[in-house]
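Residues per chain are reported as follows:
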Amino acid sequence: FTQVMPSECVKVMVRVRPMNKKESEKNCATTVKADEKDNSIVLFNPNEKDSEKCFSFDYVFPQNVSQKHIYEQSGFHLVDAVVEGYNGTILAYGQTGCGKTFTMMGVPESEDLKGVIPRTFSHIFTVIQSCLLYTSPSPRDRQKSRMPSSA
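### Details of unusual backbone geometry
The phi torsion at N27 lies on the positive side, around 55°, for a residue other than glycine. Position of N27 among the secondary structure elements: in the loop between α1 (21-25) and β2 (32-35). Within the chain, D50 stands out as a residue other than glycine whose phi angle is a positive 60°. Position of D50 relative to the elements: it lies in the loop between β3 (40-43) and β4 (53-56). On the basis of relative accessibility, which here comes to 74%, the residue D50 falls in the exposed class.

Structure (structure tokens):
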């Protein structure tokens, strides 16, 4: 394993969900801009000039970001840190309907749409499997261990 040292105790990540079907059908206006490069969110009222309010975070994910990308930026490094002995928590917080369940669970049966939790479990089991393969004795060693020792 590589040495994983967390640089901060808490990271704040924001995902902007795409408009749902109902919002799209009503032609609702977008009121949020996400800048992944600057890690900033801009809230604005499209009907008011100079209404922009900008907020900065550790990570920002725009509407079109993949579930895999979110996991790679959030859960992947956390699992690696946990394997190294650090504590780790992912907390999804937000208003009803803002996308917490989709981000965290997604569609577990779909590789593209599965969320943070199923990806975390897959990652943990992959780490365990690689440890077992790395540390498991060869078939020859297992056979030797079953042989009675000559004293």
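Now, onward.
### Things to note about the side chain of H123
Structurally, H123 is set in helix α5 (residues 116-135). Reaching out from H123, the side chain makes a polar contact with the side chain of D80 at a distance of 3.3 Å. Excluding anything up to four places from it in sequence, H123 contacts Y71, F76, V79 and D80.

### Observations regarding the confidence of the model for the chain
Scored by pLDDT, the chain has a mean of 85; 83% of the residues are at 70 or more. When the criterion is pLDDT under 50, residues 142-148 qualifies, and its contacts beyond four places in sequence or with other chains add up to one contact.

### A short note on the packing of aromatic side chains
What characterises a pair of aromatic rings is the spacing of the ring centres plus the angle enclosed by the ring planes. Taken as a whole and assessed by the stated rule, the structure comprises one aromatic pair. Relative to F76, the ring of Y71 has its centre 6.4 Å away and its plane inclined at 85°; by these criteria the two rings are edge-to-face. The exposure class assigned to Y71 is buried, which follows from its relative accessible area of 6%. According to the relative accessible area criterion, F76 is partly exposed, its value standing at 34%. K33 extends its terminal NZ or CZ atom over the ring of F44, reaching a point 5.3 Å from the ring centre.

### Quick word on helix α3 (residues 75-83)
The complete set of buried residues in α3 reads G75, V79 and A81. Along the axis of α3, the buried positions cluster into a sector of 160°, meaning they face one direction only. Just beyond α3, the residue with positive phi is G85, at close to 110°.

### Overview of the pairing of β2
Pairing between β2 and β3: four bridges, direction antiparallel. Directly across from K33, in β3, lies its bridge partner V42. The loop that links β2 with its antiparallel partner β3 comprises four residues; one of these, N39, has a positive phi angle of about 55°.

### Description of the pattern of salt bridges
Applying the stated criterion to the full structure yields five salt bridges. E52 serves as the salt-bridge partner of K33, at 3.1 Å between the closest nitrogen and oxygen. Taken together, the residues K33 in strand β2 and E52 in the loop between β3 and β4 connect sequence positions 19 residues apart. Salt-bridge contacts for R119 lead to E111; the nearest nitrogen and oxygen are separated by 3.8 Å. For E111, a relative accessible area of 53% puts it in the exposed group.

### Here we look at the environment of K100
Within the element layout of this structure, K100 appears in helix α4 (residues 100-104). A C-alpha to C-alpha distance of 9.9 Å links K100 and G115, two positions 15 residues apart in sequence. Not counting chain neighbours up to four residues away, the residues in contact with K100 comprise A92, Y93, G94 and Q95.

Thresholds applied
- Residues numbered from 1 in each chain as written.
- Predicted model: local features only at pLDDT ≥ 70, side-chain atom pairs only at ≥ 80, totals over all residues.
- Heavy atoms only, no water.
- Helix = DSSP H or I, 4+ residues; strand = E, 2+ residues; numbered from the N terminus.
- Buried < 20%, exposed > 50% of the residue type's maximum accessible area, 1.4 Å probe, protein only.
- Polar contact = N/O pair within 3.5 Å; in protein donor to acceptor, adjacent residues only side chain to side chain.
- Contact = heavy atoms within 4.5 Å.
- pLDDT = per-residue confidence, 0-100.
- Phe/Tyr/Trp six-rings, centres within 6.5 Å; stacked < 30°, edge-to-face > 60°.
- Lys NZ or Arg CZ within 6 Å of the ring centre and 35° of its normal.
- Arc of directions from axis to C-beta.
- Pairing = 2+ DSSP bridges.
- Salt bridge = Lys/Arg side-chain N within 4 Å of Asp/Glu carboxyl O.

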